[in-house]
Each structure stands twice: as structure tokens, then as C-alpha cells.
Amino acid sequence: MMGRDLLGIEDLERADIERILETAERMQEVGLRDVKKVPTLRGRTIVNLFFESSTRTRTSFEIAGKRLSADVVNFSPSSSSLKKEESILDTARVLDAMAPDAVVVRHAVAGVPKRIADVLGAPVINAGDGAHEHPTQALLDLLTVLQEKGRIDGLTVAIVGDILHSRVARSNIYAFTKLGAEVRVAAPPTMIPAAVETLGVKAFASLREALDGADVVMMLRIQRERLAGAYVPSIREYSATFGLDRTKLRYAKDDAIVMHPGPVNRGVEIAHDLADGRPSVILDQVRNGVALRMAVLYLLAGRRSPAQEG
Amino acid sequence: MRDVARPSARSDPERPAAPPAASERVVLDDTAIRRALVRIAHEIVERNDSIDRLYLVAIPNGGVPLARQLADNLREIAGLELPVGVLDTTLYRDDLAGSGERPPLRRTEMPSAVDDRVVVLVDDVANTGRTIRAAMDALMDFGRPRGVQVVALVDRGHRELPIRIDFVGKNIPTHAREQVVLRGREGGLEGPLEVVVASPSERGVGA
């Protein structure tokens, strides 16, 4: 079964993913109660170690930890003072000396959570590292689709946007293919990694073809600074070609849902009126994020087994 | 499997209800279970003044078919339509501090408020009292019941906490190493039920 850490979906077996999702479904009931708190992680400490700021993800982990009665400490060193790996690992060692029961790590550089996990006694949960992975986002996306569609197996999922720089896309490609969905990616060719098809997905340069018959349309956030000429001519052109509105959504199945990891650039990747309410499930994703992170913390926090190799 | 500490049957159809054991004896068959639940229903009516305030809350998985049966019996005896809830105690367990795998969560479904209700917790096998303690803590998170009573189909009696079972189907003295399991004949918790006592095989001892 699952290892000590959650560093990426790539490392997980299908059974691990299913176990996390089942646990998250149970955790949702806690969020519907009047008293939204259970004593499960009482006396345990969870550190949110965010080198890159992300109010949403950090808050989601914080609420998840608190609903399980853990003490949650937010530690956000400015990344400018911590560029060197040595100082990052020093920070991790200092934290480890305070005996946390889980450390949630976000960093702009791929692989940092793994390096930290190698020196820590506590389980490490990757909350996003560079363009590598964002496993809890992919898991909450699975949970959301599962609730909407009742299954993952056999669905067609189109991921649209900057696949090249997106950890959300990467994690979701692993997650949905492992559970038997057909995954397509659509973007300008400059934004699709060279060997993306080795990940088991089909790449499209046409939004229309990618959406044809899709059950799920997942839009990615466009980083405006990346769009300044280097990858696409202009935001307006990107939006006209790869932005989603109700007209283009008709290419997908009639009951297709629209997802976005947030924050949404309204009018860029998604039309204003499409971001709110059906068929968009963006706020369900946020809601499910808390239950999903409760599940991950329940399964991992406080399990301080000796470093598991292999 | 790490579930030895809480010897309750599981409804997971893919999993056999009990690990292979050197010896296994049925201590309650389906008829005996039904009879015990009829008697307990009568006792519940006898013991409570305002029976319309009762709320049956099953501890999964074993408590669920028993609570359903009790609700049927109470409908026949007293014409009552009582709410039946399901309350998972896993998140309230006192043995989660270890470094092992976390136990799977079960369903919780509380259809009515517990405030001012007399909650009757229904479990299959009572032993240490730790599950009942966890269930009471969980219950308090849902409100302030007027009272809490406990039904156990089987009481093994190795109590570690000062907890009393109000309605017992059958007292069954067992060795702490033995397992007492409620299960259906097909392995799940559907159809005819039985309670078996399983003694661990020699190899299983101390494992």
C-alpha cells in the first residue's frame, strides 16, 4: 500500500488512489455536520511549508487539518532568501526538530518536496512543485468527476491550456489514465511537451477536435506573463482559439462538466458566464478539496515509520 | 489484517468475514439472533417511558442489520416508526496513534437530530467498551441526547472502561485471543446471520 509520503500521482497504484477517494467520500460527511470537527489528529502538528505563496491551497490544507483537530502551523519563508538547496534543507531540518507529524510542501522548483522528504522523519505531502506534480489537486478533481459521473473508467477527459508548464495537468494525466479514462490534451503546439504521448494521452492542436465527445473539460490557468509573445502571439488570440465559451462547449457531450483548478482568469481561458454555476463545477472542486486533504492527512499524518526504501 | 482489535464483521463482499481459524463454533444462529432481538425490543419498550423519543443508531458494520431488525420489531410491538442512523466511530478511536495503516472509514448517516432524543446505540459485539466510548463521543458532536442506551447482540465482557451494556443478546465468555464475529452465511451481512467464535490457529497466536 501507499508509502509514507504523497509526492506525486505517478508513484501511486490504482488501489492507493481508490483508497484515498473512498476515505475522502467519508470525510465529506464531517463537512456537512453542524460541528465540523473530529478528534482524530488531536495533539498532532501539521506544518504548511509554502515557499511559493498559494492562499487557496494553504487554506484548504489548514481547514482540513483543523477539522481533524490537528494543530496547523503556517510557515512561509520568502523564496528569495531560500534559493539555494542547502538553505531549503536547513529549513526543513529545523522544522523536523520541532517534531511535526506531517509537512505540506509547496515550492516553485520541481523535486523540492522529494528532497525534503529524504531528510525529514515526518511524512511529506506535495502541495505543488514547479511543473512537476500537484497530487492533491488531481485527487480532488477525480473525486469531483466521480461524484458528477459516478465513474472514471471509460470517460473522455480533455485538458486544455499550458500543458507544458502545468503540474495540475501532469498529475491529472497520471490520475485519470490510471483510473481508466481517455485523456486528451489541447493547446498551441508550443505549450505541449515533446513526448506527451508517452504519458498515454492524445495531443490536439484543435480545441474542437479535443472536445469532441468529451465528458469532462478541464481548463488550465494561463499565466499571463508566459503569454507575452513567447508561446502564443497574444492573450486575445489564445483566448479566441483555446478559451472556452458556451458555443465551443457544444463540441463536447451534452452533459459535459467544466473544471478549473483556480484562480480563473475570467474572459481568458473561460468566458465570464461559464465560470459560475452549471455546467462548471469549480466551486465543487474547492469544496471537495477540503475533504480530500482531510483524507490524505488522516491516512498519512503521524505515521512515522522508519524511512521506507524500495 | 490489523482488525483483530475490533472483532466486528465487515460487509465488504470481497473479504471473508473472518480469517482462517483452527476452530470455529457458531454461538448464535439466525433464529437465536432473531429471538434475541425480539426480546430486546420488548425490553426497550419496557425500560423507556417516552418510546416515541427513541432513536436507533447503529455502529457499522455489524450494528446496521441488527438496528434495522430492531426497528422492525419495535414497529410491530409498539407501532412506532423510529429513525435509524448509522454512526461510524473510526475517527474517534483511541488507538490511531500507532504508526500502522489507518483503518478504513465507514458510512455515517444521521437522518434526524439527536437533541432531546433517547439514543439507543446498537453494536454487534461489545467487549472492551472502547467502541461504545468512541460512539458516545461521536454522538455528542451531533447534539445533546436526552439519554444514551446500548444494545449489544453479544457481550464478551472484557471491559476496560466503565461502560454498561443496557440490553444484551447473549453473554459469551471468551478468551481475549478469540474473535467473535457477526456475519452472513455468504460472507457479507445480508441474509441469515450467525455469530461465530473463532480461535486463532497456533501459527496465528502472537502474530
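A. Local environment of the packing of aromatic side chains. Tallying each qualifying case throughout the model produces one aromatic pair over all chains. Across from the ring centre of A:Phe61, 4.9 Å away, lies the NZ or CZ of A:Arg293, which sits over that ring.

B. Highlighting the pairing of strand S4 (residues 124–129) of chain A. Residues and elements named next belong to chain A. Among the six residues of S4, six are classified as buried, and the element is accordingly described as predominantly covered. As paired strands, strand S3 (residues 102–107) and S4 are joined by four bridges and run parallel to one another. Pairing of histidine 107 across the sheet is with aspartate 129, part of S4. In the classification by handedness, the crossover that spans S3, the intervening helix H4 (residues 112–119) and the parallel S4 is right-handed.

C. Region of the structure containing the packing of helix H1 (residues 30–47) of chain B against helix H2 (residues 63–78) of chain B. Residue and element names in this part refer to chain B. Contact geometry of H1 with H2 gives a least axis separation of 9 Å together with a crossing angle of 55 degrees. As far as their axial angle goes, H2 and H1 are oblique. The crossing of H1 and H2 is right-handed. Along its contact with H1, which presents Ile33, Arg34, Leu37, Val38, Ile40, Ala41, His42, Ile44 and Val45, the element H2 presents Leu66, Gln69, Leu70, Asn73, Leu74, Ile77 and Ala78. Residue classes in the contact of H1 with H2 are distributed as 12 nonpolar, three polar and one charged.

D. Representation of the interface of chain A and chain B within the structure. Facing 21 residues of chain A, the contacting portion of chain B comprises 17 residues. Taken together, the two surfaces of chain A and chain B that pack against each other cover about 1700 Å², and 52% of this comes from carbon and sulfur. Ranking the residues of chain A by area buried against chain B places A:Arg26, A:Tyr298 and A:Arg303 at the top, with a combined share of 35%. Remark: the boundary between chain A and chain B carries one salt bridge. Measuring nitrogen to oxygen at the nearest pair gives 2.9 Å for the salt bridge that ties A:Arg19 to B:Glu101. Taken together, the elements giving at least two residues each to the side of chain A that touches chain B come down to helix H1 (14–31) and helix H11 (282–300) of chain A. Looking at which element gives the most residues to the side of chain A that touches chain B, the answer is H1(A), with six residues.

E. The arrangement of the environment of B:Leu37 in detail. Residues and elements named next belong to chain B. By the secondary structure assignment, leucine 37 is in helix H1. Given the relative accessible area of 3%, leucine 37 is considered buried. Along the backbone, leucine 37 and glycine 169 are 132 residues apart, and their C-alpha atoms lie at a distance of 7.0 Å. Sequence-distant contacts of leucine 37, that is, excluding residues within four places in its chain, are made with Leu66, Gln69, Leu70 and Asn73.

The rules behind each value
Residues numbered from 1 in each chain as written. Chains lettered and ligands numbered in written order. Predicted model: local features only at pLDDT ≥ 70, side-chain atom pairs only at ≥ 80, totals over all residues. Heavy atoms only, no water. Phe/Tyr/Trp six-rings, centres within 6.5 Å; stacked < 30°, edge-to-face > 60°. Lys NZ or Arg CZ within 6 Å of the ring centre and 35° of its normal. Buried < 20%, exposed > 50% of the residue type's maximum accessible area, 1.4 Å probe, protein only. Helix = DSSP H or I, 4+ residues; strand = E, 2+ residues; numbered from the N terminus. Pairing = 2+ DSSP bridges. Right-handed = clockwise from strand over helix to strand, strands pointing away. Axes fitted to C-alpha atoms, helices over the stretch in contact; angles between N-to-C directions. Parallel < 35°, antiparallel > 145°, perpendicular 65-115°, else oblique. Left-handed = near helix turned anticlockwise from the far one by under 90°. Contact = heavy atoms within 4.5 Å. Nonpolar A, V, L, I, M, F, W, Y, C, P; charged D, E, K, R; others polar. Buried area = accessible area lost by both parts, 1.4 Å probe. Salt bridge = Lys/Arg side-chain N within 4 Å of Asp/Glu carboxyl O.

The analysis is restricted to geometry; functional conclusions fall outside its scope.
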